[in-house]
Amino acid sequence: MTETVLLVGGGGRGHAIARALEGTDCELYACAENRNPGIARIATGFETLETTNSSAVTSYAEEVSATLAVVGPEKPLEAGVADALTEAGVFAFGPNADAARIETDKAYQRRFMREHSIPGCPAFETFEDTERACEYIDSSETDLAVKPAGLTGGKGVKVIGDQVNRDEAKQYLRENDYDRVVLEERFVGEEFTVQAFVANDTFRATPAVQDHKRAYEGDEGPNTGGMGSYSDAGLELPFMTEEEYREAVRILDATVEALDDYTGVLYGQFMLTADGVKVIEYNARFGDPEAMNTLPVMNTEFLDVLVAAREGEELPKLSFAPRATVCKYAVPEGYPEDPSGGTRIAVDEESVRRAAGDGSGDANDAQLFYASVDEREDGIYTTTSRAFAVVGIAETIPEAEAIADDALAGADEGVRIRHDVGTEALVQKRIDHANELRGD
Ligand code: AMP
Ligand code: GLY
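Remember, it's a predicted structure, so these values are computed and weren't measured experimentally. (Residues numbered from 1 in each chain as written. Chains lettered and ligands numbered in written order. Predicted model: local features only at pLDDT ≥ 70, side-chain atom pairs only at ≥ 80, totals over all residues. Heavy atoms only, no water.)

Caption draft 1: Up close: the overall build of the protein chain. A tally of helices and strands in the protein chain yields 15 helices and 24 strands. Taken over the C-alpha trace, the protein chain has a radius of gyration of 21 Å; the compact-globule value for 440 residues is 22 Å, and the two agree within 12%. Its C-alpha atoms give the protein chain principal-axis dimensions of about 60 × 50 × 45 Å. A total of 440 residues make up the protein chain; the buried ones form 58% of that total. Contacts spanning at least 24 positions in sequence make up 67% of the contacts within the protein chain whose residues lie at least 6 apart. Just so you have it, the protein chain exposes about 17,500 Å², and 41% of that area is on carbon and sulfur atoms. Once the 40 positive and 84 negative side-chain charges of the protein chain are each reduced to a mean point, those two points are 3 Å apart. (Helix = DSSP H or I, 4+ residues; strand = E, 2+ residues; numbered from the N terminus. Rg over C-alpha atoms; globule rule 2.2 N^0.38 Å. Buried < 20%, exposed > 50% of the residue type's maximum accessible area, 1.4 Å probe, protein only. Contact = heavy atoms within 4.5 Å. Areas by Shrake-Rupley, 256 points an atom, 1.4 Å probe, with all protein chains shown as cover. Lys, Arg positive; Asp, Glu negative; His and termini not counted. Charge placed at Lys NZ, Arg CZ, Asp CG, Glu CD.)

Here you go:
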């Protein structure tokens, strides 16, 4: 039976999901706030709508007779879109709002870890009163990570001793007066991501990826949703051992066990520290950009994962091409603090095609993913979020990096790119840092 899949979400991750479904036995429909030209090209139908409006999403699912839905971003999950789809009789690959609290409520997330004795949990306290939180900052002898409990698009966390000092952290809390904040032990180390597919008590991990949160080259500037990311040809990254990767997978597995009946992607953000692997956070969805590293090298059909999940079957075992990937995002000038949205940009698809090579089957590739841009009659416009990304795919990280950079030739106008993502120098810095942590 040909499936009819509804994709919810129009970012780079959404385009990666659409491309993973392209050419498989399904007809794709998509809905998002922005008209993503990459998704629109693949999909049979594309509707612009408010993706946190559950009834708008379910109406569209019913209109197109969707047999499956994939919910990409966290906001619709938080708004209960997966619950509403399920209620309307459409299987949703994505957790219900309650299960998504593992991402959407950081206070719940840490309490959950503590209650279930999941390894890698920091010491933490939660506060509803800003002044009490400030007192705690004053009384703490060690550095803390300051986290609003709710969703902030990856931009709400301030780390004392890294981005801010104690006074700045208190000022930040007072200025924003969040309803609830988590103050937790600061970890020092190298961050990495492991995503897993979860359904019907089965759990399938994907290769590790490293994202780059900081806005500017050399890991400077404010945190962003992620400026770019890389993965290696195997499961782990150059700065970690296979055992360290396995430890992250064990933590995810223990989390899934404790979650009980979770469906969707569980994303673990980890920190490799001198004391082993620690949990920075969980997300209830694919990472963005990480989905663009993972899905293009997955040999197993994503549609098979979705159908097995719906049918109550074991998820298929995953297989990945032994290829490294490097993803670089182009973001609007001023992103994330003062992004200049609404600018018309030229995306040079021809240089991506050139960088992809001659299609001779040498398995080198360059792929373009449109993100939060809006296609209008007279061209492609930026929004206030990340605009587009290119991914280089090759046998090694340096080769993949060179391909990604070639694909971006001439793409600097009106956008900003961290060209250092995946470069040998930056990857070596990660390796040196991890070795230093281990005391090598
Ligand atoms: P999050 O929104 O939880 O992903 O946090 C954003 C960023 O803040 C992470 O990618 C880390 O760089 C940093 N961060 C979060 N929690 C901690 C922590 N406990 N220790 C050190 N850094 C952290
Ligand atoms: N790459 C970070 C995120 O997806 O939240």
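Caption draft 2: Local environment of the side chain of T224. Its place among the elements puts T224 in the loop between β14 (220-223) and β15 (228-231). In terms of polar contacts, T224 uses its side chain to reach the backbone carbonyl oxygen of K213, at 2.7 Å. For T224, the side chain forms a polar contact with the main-chain nitrogen of G226, separated by 2.8 Å. (Polar contact = N/O pair within 3.5 Å; in protein donor to acceptor, adjacent residues only side chain to side chain.)

Caption draft 3: Local environment of the nonpolar core. In this structure, L6, F192 and F388 are the most contacted members of the largest nonpolar core, which totals 80 residues. Looking at which element gives the most residues to this core, the answer is helix α10 (residues 242-259), with 8 residues. What F192 contacts, discounting residues up to four positions off in sequence, is A208, V209, L237, F239, M240, E244, A248, G268, Q269, F270, L272 and V277. (Core = buried A, V, L, I, M, F, W, Y, C linked by side-chain atoms within 4.5 Å.)

Caption draft 4: Representation of the packing of helix α13 (residues 349-356) against helix α14 (residues 397-407). Axis separation between α13 and α14 bottoms out at 7 Å; the angle between their running directions is 155°. By the angle between their axes, α13 is roughly antiparallel relative to α14. Classified by chirality, the crossing of α14 by α13 is right-handed. Contact residues: α13 offers S351, V352 and A355, while α14 offers I403, D406 and A407. Broken down by class, the residue content of the contact of α13 with α14 amounts to 4 nonpolar, 1 polar and 1 charged. (Axes fitted to C-alpha atoms, helices over the stretch in contact; angles between N-to-C directions. Parallel < 35°, antiparallel > 145°, perpendicular 65-115°, else oblique. Left-handed = near helix turned anticlockwise from the far one by under 90°. Nonpolar A, V, L, I, M, F, W, Y, C, P; charged D, E, K, R; others polar.)

Caption draft 5: Spatial organisation of the environment of D232. Topologically, D232 is positioned in the loop between β15 and α10. The exposure class assigned to D232 is partly exposed, which follows from its relative accessible area of 22%. Other than its neighbours up to four places away in sequence, D232 contacts L237, P238, R323, A324 and I397.

Caption draft 6: Expanded view of the pattern of salt bridges. Enumeration according to the criterion identifies 34 salt bridges in this entry. A salt bridge links D143 to R186; the nearest nitrogen and oxygen atoms lie 3.3 Å apart. With D143 in the loop between α8 (130-139) and β7 (144-148) and R186 in the loop between β9 (181-185) and β10 (189-199), this residue pair connects regions lying 43 residues apart in the sequence. Across the salt bridge formed by K147 and E184, the nearest N and O atoms sit 2.9 Å from each other. Placement of K147 in strand β7 and of E184 in strand β9 is noted, with a sequence separation of 37 residues between them. You'll find K147 and E184 in the same group, each marked buried. One connected set of salt bridges, linked through shared partners, spans E190, D219, R418, D420 and R430. (Salt bridge = Lys/Arg side-chain N within 4 Å of Asp/Glu carboxyl O.)

Caption draft 7: Spotlight on the site of ligand 2. In the vicinity of ligand 2, the contacting residues are D211, K213, G225, Y267, N283, R285, G287, D288, P289 and E290. Contact distances for ligand 2 include 2.9 Å between an oxygen atom and a backbone N or O atom of D288. Here a nitrogen atom of ligand 2 and a side-chain polar atom of E290 are 2.8 Å apart. Alone, ligand 2 offers 190 Å² of accessible surface; in the complex the protein occludes 93% of this. (Near = heavy atom within 4 Å.)

Caption draft 8: Geometry of the sheet that holds β10. Taken together, 4 strands build an open sheet; the order of strands is β11-β10-β16-β17 and the sheet is antiparallel. Single-partner strands in this sheet number two, and they are β11 (202-205) and β17 (276-283). The average angle at which neighbouring strand axes cross in this sheet is 30°, direction not considered. Summarising the sheet, β10 and strand β16 (residues 264-273) pair through 10 bridges and their orientation is antiparallel. (Pairing = 2+ DSSP bridges.)

Caption draft 9: Structural context of a negative patch on the surface. Residues E128, D129, E135, D177 and D179 make up a contiguous surface patch of negative charge. Looking at where D129 falls in the secondary structure, it is placed in the loop between β6 (124-127) and α8. (Patch = residues over 30% accessible without salt bridge, like charges linked within 9 Å, V, L, I, M, F, W, Y side chains within 5 Å.)

Caption draft 10: Spatial organisation of the state of the cysteines. Going through the model one piece at a time under the given rule, you end up with 0 disulfides. Cysteine C31 remains unbridged, with the sulfur of C26 as its closest cysteine sulfur at 15 Å. When its relative accessible area of 0% is taken as the criterion, C31 is described as buried. (Disulfide = S-S within 2.5 Å.)

Caption draft 11: Region of the structure containing the site of ligand 1. In the vicinity of ligand 1 lie 15 residues, with K147, E184, F187, E191 and E281 positioned nearest. Taking E184, its side chain carries an N or O atom lying 2.8 Å from a nitrogen atom of ligand 1. Isolated, ligand 1 exposes 470 Å² of accessible area, and the fraction of that covered by the protein chains is 95%. Going through the elements one at a time, β7, β9 and β17 are the ones with two or more residues in the shell around ligand 1. When its residues are assigned to classes, the shell around ligand 1 shows 6 nonpolar, 1 polar and 8 charged.

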